[in-house]
Amino acid sequence: AEAGPQPMSVESVPQPDVYDLEKQLDALVGMPVLKIALRHFQRRCGHDVGMRARGHAPVDRPYHMLLMGNPGTGKTSVARLLFRMLKSAGVLKSDAPFVEFKASHAEGANMGEAREKVQEKIDKARGGVLFVDEAHQLTMHKDNMYGQQAASQLMDCLQDGDGADESRRVIVIYAGYVDGMQILM
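Residues numbered from 1 in each chain as written. Predicted model: local features only at pLDDT ≥ 70, side-chain atom pairs only at ≥ 80, totals over all residues. Heavy atoms only, no water.

Engineer: Help me understand the overall build of the protein in this model?
Structural biologist: Looking only at helices and strands, the protein has 6 helices and 4 strands in total. Sorting the 185 residues of the protein into buried and exposed places 41% on the buried side. Of the contacts made within the protein by residues no fewer than 6 positions apart, 71% connect residues no fewer than 24 positions apart. Of the roughly 10200 Å² of accessible surface on the protein, 54% is carried by carbon and sulfur atoms. (Helix = DSSP H or I, 4+ residues; strand = E, 2+ residues; numbered from the N terminus. Buried < 20%, exposed > 50% of the residue type's maximum accessible area, 1.4 Å probe, protein only. Contact = heavy atoms within 4.5 Å. Areas by Shrake-Rupley, 256 points an atom, 1.4 Å probe, with all protein chains shown as cover.)

Right under this line is the structure:
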């Protein structure tokens with residue numbers, strides 16, 4: 001039988017540096033709707049960790065995200081902020097990795113090489129976040145078999161590591177342009 005969530009002492013639950021996160025949110029120019037969503041996300045993360053600390057199973061929800069916008073709208077900055085929020089709230093350990101991966105890096109000399117490159121990034125991101133920048137490029141061209149293969153492998157990664165072994169989990173944050181991201185998803 002599978003054991004339920006392991007209780008943690010309340011003292012071991014990391015306390016977010018709310019002031020620092022608020023300063024980082026305030027530093028984002030404009031984007032009032034996004035700031036509200038990020039504050040809500042931060043509270044939800046803290047609630048999940050608190051539930052686990054009291055020995056209760058939190059709502060089983062993925063933390064994967066999709067950031068869409070035009071060039072220069074702050075998608076990468078927001079991804080890094082989300083990563084800090086996940087660590088601050090205790091969803092990720094303080095030494096969790098943040099691995100950046102550009103979709104264009106999935107290309108290789110042969111089909112298997114694309115899969116190997118993507119798997120290498122996934123493995124480096126175990127226990128942390130894999131940030132897939134310019135993800136819309138993976139499926140932008142129907143004849144881009146490298147991109148199609150990488151997109152498929154990344155989608156499989158969304159379910160990899162679910163369950164009790166959090167060191168296997170990879171939280172994937174996709175970023176790209178609106179039109180291309182709608183095709184990818």
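Engineer: Please explain the nonpolar core as it appears in this structure.
Structural biologist: Where a protein is soluble and globular, its nonpolar side chains tend to be buried together. In this structure, Leu38, Phe41, Leu82, Met85, Leu86, Val91 and Ile173 are the most contacted members of the largest nonpolar core, which totals 26 residues. Elements represented by at least two residues in this core include exactly helix 1 (18-27), helix 2 (32-53), strand 1 (65-68), helix 3 (75-88), strand 3 (128-133) and strand 4 (170-176). The biggest single contributor to this core is helix 3, with 7 residues. Once you skip the residues sitting within four places of it in the chain, Phe41 turns out to touch Tyr63, Met65, Leu82, Met85 and Leu86. (Core = buried A, V, L, I, M, F, W, Y, C linked by side-chain atoms within 4.5 Å.)

Engineer: Sorry if this is basic, but what is going on with the environment of Glu116 here?
Structural biologist: With respect to the helices and strands, Glu116 occurs in helix 4 (residues 111-124). Measuring from C-alpha to C-alpha, the distance between Glu116 and Ala150 comes to 9.3 Å, with 34 residues separating the pair along the chain.

Engineer: Is there a simple way to think about unusual backbone geometry in this case?
Structural biologist: Most peptide bonds adopt trans geometry, and most residues besides glycine take a negative phi value. At Glu134, a residue that is not glycine, the phi angle is positive and equals roughly 55°. Topologically, Glu134 is positioned in the loop between strand 3 and helix 5 (145-157).

Engineer: Help me understand the packing of aromatic side chains, please; the structure alone is not making it clear to me.
Structural biologist: Aromatic rings in a pair are described by how distant their centres are and how their planes are angled relative to each other. Within this structure, the stated rule accounts for 3 aromatic pairs. Seen from their ring centres, Phe41 and Tyr63 are 6.2 Å apart, and the 80° between their planes marks the pair as edge-to-face. Here Tyr63 lies in the loop between helix 2 and strand 1 and Phe41 lies in helix 2, a separation of 22 residues in the sequence. Taken as a pair, Phe41 and Tyr63 share a single burial class, namely buried. With 6.0 Å between their ring centres and 20° between their planes, Phe98 and Phe131 make a pair best called stacked. A residue pair is termed long-range when its members are at least 10 positions apart, and Phe98 in strand 2 (residues 98-102) and Phe131 in strand 3 qualify at 33 residues. What links up through ring pairs into an aromatic cluster is the set Phe83, Phe98 and Phe131. (Phe/Tyr/Trp six-rings, centres within 6.5 Å; stacked < 30°, edge-to-face > 60°.)

Engineer: How should I be thinking about helix 3 in this particular structure?
Structural biologist: Because an α-helix completes one turn every 3.6 residues, residues spaced three or four positions apart along the sequence face the same direction. If you check helix 3, its first and last C-alpha atoms are 20 Å apart, about what 14 residues at 1.5 Å a residue would give, namely 20 Å. All of the buried residues in helix 3 are Lys75, Val78, Ala79, Leu81, Leu82, Phe83, Met85, Leu86 and Ser88. Among the residues trailing helix 3, Gly90 stands out with phi positive, at a value near 90°. (Expected span 1.5 Å × (residues − 1).)

Engineer: Would you take a moment to explain the pairing of strand 1 for this structure?
Structural biologist: Looking along a regular strand, one sees the side chains alternate between the two faces of the sheet. Burial of strand 1 is one-sided: the residues Met65 and Leu67 facing one way are buried, the residues Leu66 and Met68 facing the other way are not. In the sheet, strand 1 pairs with strand 4 via 4 bridges, with the strands oriented parallel. Directly across from Leu67, in strand 4, lies its bridge partner Ala175. (Pairing = 2+ DSSP bridges.)

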